[in-house]
Amino acid sequence: MAVSIKSEREIQLMREAGRILAMVHQELGKQIRPGMSTLDVDRIGEEMIRSYGCEPSFKGYCGYPGSICVSVNEEVVHGIPNAKRILQDGDIVSLDAGVIYKGYHSDAARTVAVGNISKEAQDLINRTRQSFFEAMKVARAGHHLNEIGRAVQDYAESFGYGVVRDLVGHGIGSELHQEPEIPNFRQLRRGIKLRPGMTLAVEPMINMGTADVVWMDDEWTVISEDMSLSAHYENTILITDGKPELLTLTEEEKAAGYLDLF
Ligand code: CO
C-alpha cells in the first residue's frame, strides 16, 4: 500500500483534530501536580476531549483501557492509568493522547514536570523536544523518510541518550496508524520520498540511559531496561511545499517561538 496523500478536505479535518488535541495538551499539562493519580490524569483528559466533541482514539484501541497514556519516569510509553499510581514531586510524566474529529485522527505527546524536577530530567525533556525539531528541518517534500530518523538519532545521541528502537512513529489520517512507519534512528534504506499532503506522527522516545526497553506484565507499559528516565515528544504534521505544518502544536508553544526551531 502506498502512503496516502490527503485531500484538502481531509487536511481541514485533520487541522481541526490537531487544534483540539493541542488545546487538550495545553490544558492537561497545566493540571499536573503531585498527589494526582494517573487515573485522575486520564479522567480529566478524556473529559476535555469529549467536551470538544471528539472521541479519545486510544480508548479500546487493541484493548487499551485508557484515553490518555500516562507514563511516569522510566516508563517510556503506554502507561495504563491507575488510581493507585500517585504522581510525586520530582517525577516526569509523559502524556500521549489521540482524538478523532469527524473520522480523522490527531496524535500528540508531551513530557511534563511534576512539581520541581532535576536539571538532568529537564534537560532530557528539552532535548527530546529538540530532537523532534531537528527532524522537522528535514521533513520536507523531496527529502526521504530516513532523514527524519537520522536527525533525531544524531541529536539525541550527542548527549549520550538512548533512542528507543522498538517503537516508531507512523502515518495518520482516517486511522490512527497508517503507513509508513517512522523510525527515530538510522535506516539502511532511504525510505519513501516525502510529498505534500502526507500526514505523519513523528514521535521520538528518548531514554537517559540505554535504548533498550522491556514490556511489563500488563502487556502495555513499556519501560527502559535500565530504569533510566524516558521522555516523549510527538506531533501530527503535514508535509507541504515548504516547512512542515505542525497540526498539534499548542498556542503557548507557538508563542514561545517553537515555529522558529526548524
Ligand atoms: Co503516535
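The following paragraphs examine the structure supplied in this document. (Residues numbered from 1 in each chain as written. Predicted model: local features only at pLDDT ≥ 70, side-chain atom pairs only at ≥ 80, totals over all residues. Heavy atoms only, no water.)

**Here we look at the coordination of the cobalt ion**
Next, step 1: With distances of 2.1 to 2.3 Å, the protein atoms coordinating the cobalt ion are Asp 107 (OD), His 170 (NE2), Glu 203 (OE) and Glu 234 (OE).
Next, step 2: Coordination at the cobalt ion comes from four donor atoms whose angles at the metal span 83 to 168°, giving a geometry best classed as irregular.
Next, step 3: Read in sequence order, the donor residues for the cobalt ion give the motif D-x62-H-x32-E-x30-E. Separated by 63 residues along the polypeptide, Asp 107 in strand β5 (residues 104-113) and His 170 in strand β7 (residues 169-171) bring together distant segments of the chain.
Next, step 4: With relative accessibility at 3%, the residue Asp 107 sits in the buried group. (Donors = N, O, S within 2.8 Å, 3.2 Å for Na, K, Ca; no water. Tetrahedral: all angles 85-135°; square planar, octahedral: opposite > 155°, others 65-115°. Helix = DSSP H or I, 4+ residues; strand = E, 2+ residues; numbered from the N terminus. Buried < 20%, exposed > 50% of the residue type's maximum accessible area, 1.4 Å probe, protein only.)

**A look at the packing of helix α3 (residues 119-136) against helix α4 (residues 146-157)**
Next, step 1: In the contact formed by α3 and α4, the axes pass within 8 Å of each other and the chain directions differ by 145°. By crossing handedness, the relation of α3 to α4 is classed as right-handed. Where α3 abuts α4, its residues Arg 127, Gln 130, Ser 131, Glu 134 and Ala 135 lie against Ile 148, Ala 151, Val 152 and Tyr 155.
Next, step 2: Its residues placed into classes, the contact of α3 with α4 shows five nonpolar, two polar and two charged. (Axes fitted to C-alpha atoms, helices over the stretch in contact; angles between N-to-C directions. Left-handed = near helix turned anticlockwise from the far one by under 90°. Contact = heavy atoms within 4.5 Å. Nonpolar A, V, L, I, M, F, W, Y, C, P; charged D, E, K, R; others polar.)

**Let's talk about the pattern of salt bridges**
Side chains carrying opposite charge are able to pair once their charged atoms draw close together.
Next, step 1: Per the stated rule, a full pass over the model turns up 14 salt bridges.
Next, step 2: With a shortest N-O distance of 2.9 Å, Glu 16 and Arg 19 are connected by a salt bridge. Of the two residues, Glu 16 and Arg 19 are both situated in helix α1 (residues 8-31); the distance of three residues between them amounts to about one turn of the helix.
Next, step 3: With relative accessibility at 23%, the residue Glu 16 sits in the partly exposed group.
Next, step 4: Among the ionic pairs, Lys 59 bridges to Glu 46, the shortest N-O distance being 3.0 Å. Of this pair, Lys 59 sits in the loop between β1 (55-56) and β2 (68-72) while Glu 46 sits in helix α2 (residues 38-51), and the two are 13 residues apart along the sequence.
Next, step 5: Connected through shared salt-bridge partners, Glu 46, Arg 50, Glu 55 and Lys 59 make up one network. (Salt bridge = Lys/Arg side-chain N within 4 Å of Asp/Glu carboxyl O.)

**A few points about the packing of aromatic side chains**
Next, step 1: Counted according to the given criterion, the structure contains eight aromatic pairs.
Next, step 2: Between the aromatic rings of Phe 133 and Phe 262, the centroid separation amounts to 5.9 Å while the plane-to-plane angle is 25°, which identifies the pairing as stacked. Of this pair, Phe 133 sits in helix α3 while Phe 262 sits in the segment after α5 (251-255), and the two are 129 residues apart along the sequence. For the pair formed by Phe 133 and Phe 262, the shared burial category is buried. (Phe/Tyr/Trp six-rings, centres within 6.5 Å; stacked < 30°, edge-to-face > 60°.)

These figures come from the coordinates and say nothing about function on their own.
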